[in-house]
Amino acid sequence: MRRTHHCNALSAGDVGSEVVLMGWVQRRRDHGGVIFVDLRDREGMTQVVFNPDREPAVHRKAHGIRSEYVLGVRGVVERRPEGMTNPELATGEIEVMVSELKVLNKARTPPFLIENKVEVNENTRLQNRHIDLRRPVLQRNLMMRHKAAAAARAFLNDQGFLDIETPFLTRSTPEGARDYLVPSRLNPGSFYALPQSPQLFKQLLMISGFERYYQIVRCFRDEDLRADRQPEFTQVDIEMSFAGEDDVMYVAEGLIAAIFRDVLEMEVKTPFDRMTYHEALSRYGLDRPDTRFGLELCDISDIVAESGFNVFAGAVKKGGIVKALNAKGCADFFTRKEIDDFTEFVSVYRAKGLAWIRVKENEWQSPITKFFTEAEKKDMAERLDMEPGDLVFFGADQSAVVNEALGHLRIHLARKLWLIDDSVYRFVWITDFPMLEYDEAEKRYQALHHPFTAPAESDMEKLETDPLSVRSRAYDLVLNGSEIGGGSIRIHQKDLQIRVLEALGMNREEYAEKFGFLISALDSGAPPHGGIAFGFDRLMTILCGSQSIREVIAFPKTQKGACLMTDAPAGASRIQLDELGLKVVRPK
RNA sequence: GGGGGCGUAGCUCAGUUUGGUUAGAGCGCCGGCCUGUCACGCCGGAGGUCGCGAGUUCGAGUCUCGUCGCUCCCGCCA
């Protein structure tokens, strides 16, 4: 018995032909006489029929069929009787009258129904992932993922990029995330690190003269998990020589357009909008703004700096800011309880409070109105476009706190107010990032992107004198408020690289030990180069319309980094540990 | 490291507020009947370590403490 068709393939045009289908039993409907079975494979479903009048022996055998049995059936395609077609099913006009049945395998009763709509505990799903993956939505997600990867490869191949592999067993990089370590048996006491990204290797490939590189590659970061974060994740990694920002962005836009074309059959408009980091924070509070809706933040620090409301005036005096968010027409949309919940919501981001004003016809209903002069009120009303029916929220604190709190509140409000159109894909490049930020905990500067990002030409001389004001040549691609890619033009000159490493507080000995190979390579004829990496899982989460990155990964890990199918991670045997020269000290 | 939610039949959940008879429902499963269903229908049945462990109590699914797992978020991480 050899399969002739997939279960989505047959239609009225095939009536009369003998076919062989193979697949899983979605459902069996036994009428005592005739038995119907919905046979499912990865492509679709076909109803197959066992009729006692026509094939008594086969019909008898069909009684034993149960859900998820694997069947091979031979039969003739027949048009369904008048009025018996199923418009819900692609193959609903026909059915296969079975003349030969092979039970290829039996199956335990599945732990849950193989259907999209059944909401099953994630625990149960992950323990039975092979069954979970039979659900149509996950089959679709992984097929879309395949299509996207194929589209990316086709596009990049066509643009002259070479797919070159880089090592997984590599060296720990000190910046950024925690590394996964792999002990070396041949060098007891020494460890490989799994790459957080192939960053340095792709730069070395540019120095080697490959000019255009890409790789769809697994990366590893040993940090706590989130709905959009897994300890191992996939990047579409790109690097190109003799390229500036515009060149990389042009390729990136083409790549994204190709993926949307092949996966969603949708044309995205390029080039994408660009916005500076500064503008993003100022208008949206976050460096990954969701630009599908308005509700922008507005700075009123200057208006309230001298006001009698000490929370506002005091924040400004301490170097902070006061920003507002006008929810137009929402004065009566939210109850007092809901407004209190928003205060609770922003407290997560360390905001100490959330002031608000309900704009009524003749008054401002708010606990804080009394603190402001008429002039201040007038300025505020003008700046914030306050009209009767509006509800305005205020945050006052250090700018980082205000921006983060109101930035997240903005999204929270937009969801509640149904301001977000899920069918829209809004891209925006974020540019002109600061090169460095000050790490209060470690009392030193840190690279915002990574230490190989080039500073902006015009800011170069401030590297030593005013490091925080130096902008970098980095860029992030943001889609619907989610960062899906980021990259930069790299430093390709040894002297500049050393200056940057020193600005990060590294001494000669330190950088020589950690990055000696890179510095030496930069000195060997390194071309100007830059690149970008896309978070493939995150992109797929958006393309699939999923809520979690786990819905686009075949075998994801739980929040504690466990694989519930294989029970990884697991202990190691004494022999293994001895070979590696390791001793496990269990924390109490 | 911290905060929130969840954990009761194979699955989804009710019951927990106010401790008290034999812990229920839908779906699934098993058996019987049924020749045109497609969430087939009808009849009958089985199925429970109330996550786990202590404690309070005459009595705990319900109260207390601890612990494990899943999840969302903060920190962390681009």
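Caption draft 1: The protein's contact with RNA strand B, seen in detail. Every one of the 51 residues lining RNA strand B counts as a neighbour, but Arg27, Asp53, Met84, Glu95 and Asn121 are closest to it. Of what RNA strand B places within 4 Å of the protein, 57% of the atoms are sugar or phosphate. In this structure, a sugar or linking oxygen belonging to RNA strand B sits 3.2 Å away from a side-chain N or O atom of His31. Between RNA strand B and Met84, the relevant distance is 2.3 Å, taken from a base nitrogen to a main-chain nitrogen or oxygen of the residue. When residues of the surface near RNA strand B are traced back to their parent elements, those giving at least two are strand S1 (18-30), strand S2 (35-40) and helix H2 (122-127).

Caption draft 2: Examining the pairing of strand S19 (residues 444-447) more closely. Pairing geometry for strand S18 (residues 436-439) and S19, over four bridges, is antiparallel. Within S19, the position partnered with Leu436 by the bridge is Ala447. Linking two consecutive strands that pair antiparallel, namely S18 and S19, is a turn of four residues; a positive phi of about 55 degrees is found at Lys443 within it.

Caption draft 3: Region of interest: the packing of helix H4 (residues 136-158) against helix H6 (residues 245-264). Relative to each other, H4 and H6 sit at 140 degrees, their axes nearing to 8 Å. The pairing of H4 with H6 is recorded here as oblique in orientation. Our pair here, H4 against H6, has a crossing hand that is right-handed. On the side of H4, the interface is formed by Met144, Lys147, Ala148, Ala151, Ala152, Phe155 and Leu156, while H6 contributes Val251, Gly254, Leu255, Ala258, Ile259, Asp262, Val263 and Leu264. Here the contact of H4 with H6 is built from residues that sort into twelve nonpolar, one polar and two charged.

Caption draft 4: Region of interest: the side chain of Asp537. Inspection of the secondary structure assignment puts Asp537 in helix H16 (residues 536-543). Overall, Asp537 belongs to the buried group, its relative accessible area being 3%. Excluding anything up to four places from it in sequence, Asp537 contacts Arg145, Phe233, Thr234, Ile549, Val552 and Ile553.

Caption draft 5: The arrangement of the sheet that holds strand S15 (residues 364-365) in detail. Read from one edge of the open sheet, five strands run S12-S13-S16-S14-S15, paired in antiparallel fashion. Since the sheet does not close on itself, it has two edges, and those belong to strand S12 (297-299) and S15, each with one partner. As paired strands, strand S14 (residues 355-359) and strand S16 (residues 391-397) are joined by four bridges and run antiparallel to one another. For Ile357, the partnering residue across the bridge sits in S16 and is Val392. On the sheet, helix H12 (residues 399-416) packs against S12, strand S13 (321-327) and S16 and is oriented at approximately 10 degrees with respect to S13.

Calculation criteria
Residues numbered from 1 in each chain as written. Chains lettered and ligands numbered in written order. Predicted model: local features only at pLDDT ≥ 70, side-chain atom pairs only at ≥ 80, totals over all residues. Heavy atoms only, no water. Near = heavy atom within 4 Å. Polar contact = N/O pair within 3.5 Å; in protein donor to acceptor, adjacent residues only side chain to side chain. Helix = DSSP H or I, 4+ residues; strand = E, 2+ residues; numbered from the N terminus. Pairing = 2+ DSSP bridges. Axes fitted to C-alpha atoms, helices over the stretch in contact; angles between N-to-C directions. Parallel < 35°, antiparallel > 145°, perpendicular 65-115°, else oblique. Left-handed = near helix turned anticlockwise from the far one by under 90°. Contact = heavy atoms within 4.5 Å. Nonpolar A, V, L, I, M, F, W, Y, C, P; charged D, E, K, R; others polar. Buried < 20%, exposed > 50% of the residue type's maximum accessible area, 1.4 Å probe, protein only.

Purely spatial values, then, with no claim about function.
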